[in-house]
Amino acid sequence: MLLQKLFGADPISFDSLHTIEANAPNIIVWAAPVMFFFVLLEWFVAYREHRQIYDKKESFGSICVGIGNVLINLLIKVSMFTFVIWIYNALPWRMALNWWTLIPCYLIFDLCSYWSHRISHMQRFWWATHVVHHSAEHYNLTVSFRLSWVQHLKLIFFLPVAFIGFHPIVFFVVNQVAVLFQFWVHTEYIRKLHPAIEYIIATPSNHRVHHGSQEKYINKNYGATFIFWDRLFGTYQREEEQVHYGITTNIKNKANPLTINFHEYVDMWHDWKSAKGFKQKWFYIFGNPIDIARAKHGQEKPGTTQEWSVMNDFEKVAKAKG
């Protein structure tokens, strides 16, 4: 009886789609003024302390990328809602709209986010949807705005959440909260928190490691909200020495959001055209970004894939060509 009550929700009529979509909160839009306030606060404090953590062109590019993302989300919201509702209606089990289902939904969503993030570092096709976030040379709150304009391709990694039967509104609220959570971790000003928090949560300290270019920091700490996924799957690294952030030298115009979003696709296209045979073409699209950098550099490097920075390899390739 309890299971029937939990999973026995009625299908959602597509006639009520616009009503449901209108009632679904645009949390990110509401939060934007607060986020910009803290960006200005961080910039002001850094300016007063003469800390070089902001670059004008880079920050402008980050803000443009973020604004573009908000507009894209608003434009595709109805179609995304339609797709998720279609899945929801097709399931024989459907959860009703209950606030407490946000908790298991968020936990499962974060697990999917971990694997989406990890795969995005392992395959170039997906790396092209993620490199935007790693292309900043300075680590500050505006880095959280640097999310690819084609990031919605990674919806495929979150389909398990939808197929479990969570209500579409719950699904979209969780998605927005998960994105907003990652805003505060992109700062140098919040140092290590209580050990219990550092053990569970993807704090600023834990996430700074993910953006680091030192060998011990490479491909570590993929967790978006919870860092215990990394502890469970063997990708955790605590912050020790000062992090040196990765640099992509192939982005010349740091203020141009088009360059920031699509430079990797341009490189991928050129590599694909110059490749000989299907196997090499496939490699340049779906291979490991580090292996591709090594192949283009024409030099094998010691150690495993995990021990080399994607950022550093591409930087060295660019310098070798220049």
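Use the structure listed above.
Quick caveat: nothing in here was measured; it's all calculated off a predicted structure.

Draft legend 1. Spatial organisation of the nonpolar core. Membership of the largest hydrophobic core comes to 36 residues, with the highest contact counts inside it found for Phe81, Val161 and Phe171. When residues of this core are traced back to their parent elements, those giving at least two are helix 2 (17-23), helix 4 (56-90), helix 5 (102-122), helix 8 (159-164) and helix 9 (168-181). At seven residues, the largest contribution of residues to this core is made by helix 9. Dropping the residues within four chain positions of it, Phe81 is found in contact with Leu17, Ile20, Glu21, Ala24, Pro168, Ile169 and Phe172.

Draft legend 2. The packing of aromatic side chains, seen in detail. Taken as a whole, this structure holds 26 aromatic pairs when the rule is applied. Between Trp43 and Tyr47, the aromatic rings sit 5.5 Å apart at their centres with planes inclined by 15 degrees, giving stacked as the arrangement. Taken together, the positions of Trp43 and Tyr47, both in helix 3 (residues 27-48) and four residues apart, correspond to about one turn of that helix. Given the relative accessible area of 42%, Trp43 is considered partly exposed. You can call Tyr47 exposed: its relative accessible area is 55%. The aromatic ring of Tyr199 is capped on one face by Arg231, whose charged end is 3.9 Å from the ring centroid. Its end group placed over the ring of Trp272, Lys281 keeps NZ or CZ at 4.1 Å from the ring centre.

Draft legend 3. Expanded view of the packing of helix 4 against helix 13 (residues 257-274). Here helix 4 crosses helix 13 at 75 degrees, and the two axes come no closer than 8 Å. For the element pair helix 4 / helix 13, the angle class is roughly perpendicular. The residues of helix 13 that touch helix 4, namely those facing Gly61, Cys64 and Val65, are Pro257, Ile260 and Asn261. Among the residues forming the contact of helix 4 with helix 13, the class breakdown is four nonpolar, two polar and no charged.

Draft legend 4. Fine view of the layout of surface pockets. Of the pockets and cavities examined, the largest pocket occupies roughly 1,200 Å³. As for the largest pocket, its lining consists of 50 residues, and the residues nearest its centre are Asn73, Leu147, Gln151, Asn175 and Val179. Only helix 3, helix 4, helix 5, helix 7 (131-134) and helix 9 provide two or more residues apiece to the lining of the largest pocket. The leading source of residues in the lining of the largest pocket is helix 4, at 11 residues. Of the voids in this model, the second largest pocket is the one considered here, and its volume is about 350 Å³. The wall of the second largest pocket is formed by 16 residues, among which Trp43, Tyr54, Asp55, Lys56 and Ser59 lie closest to the centre. Counting residues per element, the ones that place at least two in the lining of the second largest pocket are helix 3 and helix 4. At five residues, helix 3 tops the list of elements feeding residues into the lining of the second largest pocket. Partitioning the lining of the second largest pocket into residue classes produces nine nonpolar, four polar and three charged.

Draft legend 5. Looking closely at the environment of Ala32. Along the chain, Ala32 falls in helix 3. The exposure class assigned to Ala32 is partly exposed, which follows from its relative accessible area of 22%. Spatially, the C-alpha atoms of Ala32 and Ile67 are 9.6 Å apart, while their sequence positions differ by 35 residues.

Draft legend 6. The arrangement of the environment of Arg231 in detail. Summarising the element assignment, Arg231 is placed in helix 12 (residues 228-233). By relative accessible area, Arg231 is classed as partly exposed at 28%. Each C-alpha atom of the pair Arg231 and Tyr199 lies 8.7 Å from the other, and the pair is 32 residues apart in sequence. A polar atom in the side chain of Arg231 sits 3.4 Å from the side chain of Tyr236.

Draft legend 7. Local environment of the pattern of salt bridges. Scanning all chains against the criterion turns up 11 salt bridges. Among the ionic pairs, Arg191 bridges to Glu239, the shortest N-O distance being 3.9 Å. Taken as a pair, Arg191 in the loop between helix 9 and helix 10 (195-200) and Glu239 in the loop between helix 12 and helix 13 lie far apart in primary sequence, 48 residues in all. On the basis of relative accessible area, Arg191 is assigned to the partly exposed category, the value being 40%. We classify Glu239 as buried; its relative accessible area is 6%. In this structure, the salt-bridge partner of Asp291 is Arg294, at a minimum N-O distance of 3.6 Å.

Draft legend 8. Local environment of helix 13. Under the 1.5 Å per step criterion, the end-to-end length of helix 13 is 27 Å for 18 residues, consistent within 8% with the ideal 26 Å. Taken together, the buried positions of helix 13 are occupied by Pro257, Ile260, Asn261, His263, Glu264, Met268 and Asp271. Capping the start of helix 13, Asn256 holds a side-chain oxygen 2.9 Å from the backbone nitrogen of Leu258, two or three residues further along.

Draft legend 9. Structural detail: the state of the cysteines. For the structure on display, the rule yields zero disulfides. Left without a disulfide partner, Cys112 is nearest to the cysteine sulfur of Cys105, which lies 9.3 Å away. Take Cys112: its relative accessible area is 11%, and that puts it in the buried class.

What counts and what doesn't
Residues numbered from 1 in each chain as written. Predicted model: local features only at pLDDT ≥ 70, side-chain atom pairs only at ≥ 80, totals over all residues. Heavy atoms only, no water. Core = buried A, V, L, I, M, F, W, Y, C linked by side-chain atoms within 4.5 Å. Buried < 20%, exposed > 50% of the residue type's maximum accessible area, 1.4 Å probe, protein only. Helix = DSSP H or I, 4+ residues; strand = E, 2+ residues; numbered from the N terminus. Contact = heavy atoms within 4.5 Å. Phe/Tyr/Trp six-rings, centres within 6.5 Å; stacked < 30°, edge-to-face > 60°. Lys NZ or Arg CZ within 6 Å of the ring centre and 35° of its normal. Axes fitted to C-alpha atoms, helices over the stretch in contact; angles between N-to-C directions. Parallel < 35°, antiparallel > 145°, perpendicular 65-115°, else oblique. Nonpolar A, V, L, I, M, F, W, Y, C, P; charged D, E, K, R; others polar. 1 Å grid on protein atoms, 1.4 Å probe; cavity = no way out; pocket = protein on both sides within 12 Å on 5 of 7 lines; lining within 4 Å. Points joined across faces, edges and corners; volume = space filled by probe spheres on them. Polar contact = N/O pair within 3.5 Å; in protein donor to acceptor, adjacent residues only side chain to side chain. Salt bridge = Lys/Arg side-chain N within 4 Å of Asp/Glu carboxyl O. Expected span 1.5 Å × (residues − 1). Disulfide = S-S within 2.5 Å.

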